[in-house]
Amino acid sequence: MNVLITGGAGYIGSHAVKILLEREYNVSVIDNLSTGYIDSVDKRAKFYNVDVRDKSSVIKVLLDDHINAVIHFAAFSLVGESMKVPLKYYDNNVQGTKVLLEAMSEANVKHIVFSSSAAVYGEKTVMPITEDTLEIPTNAYGETKLAMEKMMKWADIAHGIKYIALRYFNVAGAFHTGEIGESHNPETHLIPLILQVPLGKRNNISIFGDDYDTPDGTCIRDYIHIEDLIEAHILAMLKVIDTNKSDIFNLGSGAGFSVLEMIEASRKVSEHPIKAIVTGRRAGDPARLIASSEKAERELKWIKKYNDVSSIIASAWKFHQLHKEGFSNENK
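Residues numbered from 1 in each chain as written. Predicted model: local features only at pLDDT ≥ 70, side-chain atom pairs only at ≥ 80, totals over all residues. Heavy atoms only, no water.

**Student:** Explain the environment of Y89 to me, please; I cannot follow it from the model alone.
**Tutor:** Tracing the backbone through its elements, the reader meets Y89 in helix α4 (residues 86-107). Under the relative-accessibility criterion, Y89 is labelled buried at 0%. Once the C-alpha coordinates of Y89 and E143 are considered, the two residues, 54 residues apart in sequence, prove to be 9.5 Å apart. Excluding its chain neighbours within four sequence positions, the residues that come into contact with Y89 are F76, S77, L78, E81, S82, V94, Y141 and T144. (Helix = DSSP H or I, 4+ residues; strand = E, 2+ residues; numbered from the N terminus. Buried < 20%, exposed > 50% of the residue type's maximum accessible area, 1.4 Å probe, protein only. Contact = heavy atoms within 4.5 Å.)

**Student:** Would you explain the nonpolar core in this entry?
**Tutor:** Considering soluble globular proteins, one finds that nonpolar side chains tend to be buried as a cluster. The biggest cluster of nonpolar side chains holds 46 residues, and the ones touching the most others in it are I5, I12, L20, V27, Y168 and L251. Those elements that place two or more of their residues in this core are β1 (2-6), α1 (11-22), β2 (26-30), β4 (69-72), β6 (162-168), α7 (226-243) and β11 (247-251). Here this core gets 9 residues from one element, more than from any other, and that element is α7. The contact partners of I5, leaving out residues within four places of it in the chain, are G13, A16, V17, L20, V27, S28, V29, I30, I71 and F73. Formed by 28 residues, the second largest nonpolar core is a distinct cluster that contains V58, A74, M152 and A165. (Core = buried A, V, L, I, M, F, W, Y, C linked by side-chain atoms within 4.5 Å.)

**Student:** What should I look at first to understand the environment of I136 in this one?
**Tutor:** As for its position among the elements, I136 is in the loop between β5 (111-115) and α5 (140-159). Of the residues examined, I136 reaches a relative accessible area of 45% and is grouped as partly exposed.

**Student:** Is there a simple way to think about unusual backbone geometry in this case?
**Tutor:** With the exception of glycine, the majority of residues adopt a negative phi angle, and the majority of peptide bonds are in the trans configuration. Along the chain, M127 connects to P128 via a cis peptide bond; the corresponding omega equals -5 degrees. Here P128 shows up in the loop between β5 and α5. In this model, H66 sits at a positive phi of 50 degrees, which is unusual for a non-glycine residue. Mapped onto the secondary structure, H66 falls in the loop between α2 (55-64) and β4. Since its relative accessible area comes to 57%, H66 is described here as exposed. Of note in this structure, K301 is not a glycine but carries a positive phi near 60 degrees. Secondary-structure assignment places K301 in the loop between α9 (294-299) and α10 (309-322).

**Student:** Quick question: what am I supposed to make of the packing of α2 against α4 here?
**Tutor:** Two quantities define a packed helix pair, namely the angle between the helix axes and the distance between the axes. At a minimum axis distance of 9 Å, the contact between α2 and α4 shows a crossing angle of 45 degrees. Classified by the angle their axes make, α2 and α4 are oblique. Crossing angle aside, the handedness with which α2 passes α4 is right-handed. Here K55, V58, I59, L62 and L63 of α2 lie close against α4, whose contacting residues are V99, L100, E102, A103, M104, E106 and A107. By residue class, the composition of the contact of α2 with α4 is 9 nonpolar, no polar and 3 charged. (Axes fitted to C-alpha atoms, helices over the stretch in contact; angles between N-to-C directions. Parallel < 35°, antiparallel > 145°, perpendicular 65-115°, else oblique. Left-handed = near helix turned anticlockwise from the far one by under 90°. Nonpolar A, V, L, I, M, F, W, Y, C, P; charged D, E, K, R; others polar.)

Without other data, these values stay purely geometric and don't point to any function.
Below, the structure written as structure tokens:
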């Protein structure tokens, strides 16, 4: 099968590329390298330095490589940035998806798996969040992801493009060999930030509030290991092709882990004390964000291999020890 990965030079996309290649899929990648790294892309893939908004180039790849299905990761994803420059997010995320769907329609490619986000739900008090929860995004990033989902619904009705949207919170960890992993500049995700302390790149990790209504007072978040996440994308791709029906699935731990749990596990894994400093709460941080993945487990037959904090962090630590400076932009 021939699969196109958009955003295949990013953290999640590069793992999808590697795992699909290991399972003997033919993989093509388009990425404009605005946030991704060419060094993270497996050399066995066909790589195209193409912006997803360049319709003629996307159509050419779809036709030339005889693409059967698309997995769509190409999007900006920083919540804070999305609130400062929302139009940038609409241009890249929403416009990019519009052009991709137009290209797929013209090239007669009818199946797509979409990397959505649990940010489409906004802030909820009832946990875990299910697919039936009302979508009320509270930031521009979540709004663009919801708009992308809605666009796919209408593209299905009008053009017969069948999709599965996967909604998830925090992806973590690295490929088990340590070859590729999470590398952002600037870094905003909790686990890489924690691990910067034992790597000597920061003196301490900040805890934003320890007085939440949780067992240890710190915020609880949903983490999924990157390899488990990619497994769900592959299962979704096979399902949408097999059933020719569109659907939406949450991907989550079902339980969640607190900030203190993540720090303590990182101390054990890295064998480093990791100094933590409690500071004030950040505006808008809910006490808990946990997604239910019961539907995905039932209908996609998705089984997670990484269910504990330590194994997730250990894989990340392996990557960061091998790539202390992450990936560079020198080969762009």
